[in-house]
Amino acid sequence: MTDEIRRLVLAGVAMVAIGTLGAAWSATELADGVVEIPDHWWSTLLTAPLAVGLAVLIMGLLRGTLGRD
């Protein structure tokens, strides 16, 4: 695994962790829990790293597996 791919995977994992913590915290602050997250800008902003992190993680993993010959 090259350094670039390793950085992508680590960044993706970190962003997924941050987004998961944001979703967990915001769900406890909302009356209806996770279902209500899209209706509030601050809770959506807290969970955004989860989606971006998943994309970065998948991109890193695909580069690592597809780049092998």
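Up top you'll find the structure we're talking about.
Just so it is clear, the model here is predicted, and its values are computed rather than measured. (Residues numbered from 1 in each chain as written. Predicted model: local features only at pLDDT ≥ 70, side-chain atom pairs only at ≥ 80, totals over all residues. Heavy atoms only, no water.)

### Some thoughts on the pattern of salt bridges
- The final tally for this structure, using the stated rule, is two salt bridges.
- With its nearest N and O atoms 3.2 Å apart, the salt bridge here joins Arg 6 to Asp 3. Taken together, the positions of Arg 6 and Asp 3, both in helix α1 (residues 3–29) and three residues apart, correspond to about one turn of that helix.
- On the accessibility criterion, Arg 6 (38% relative accessible area) is partly exposed.
- A salt bridge links Arg 63 to Glu 4, with the shortest nitrogen-to-oxygen separation between them at 2.6 Å. Within this pair, whereas Arg 63 is found in helix α2 (residues 41–66), its partner Glu 4 is found in helix α1, the two being separated by 59 residues in sequence.
- Taking relative accessible area as the criterion, Glu 4 reaches 44% and is therefore assigned partly exposed. (Salt bridge = Lys/Arg side-chain N within 4 Å of Asp/Glu carboxyl O. Helix = DSSP H or I, 4+ residues; strand = E, 2+ residues; numbered from the N terminus. Buried < 20%, exposed > 50% of the residue type's maximum accessible area, 1.4 Å probe, protein only.)

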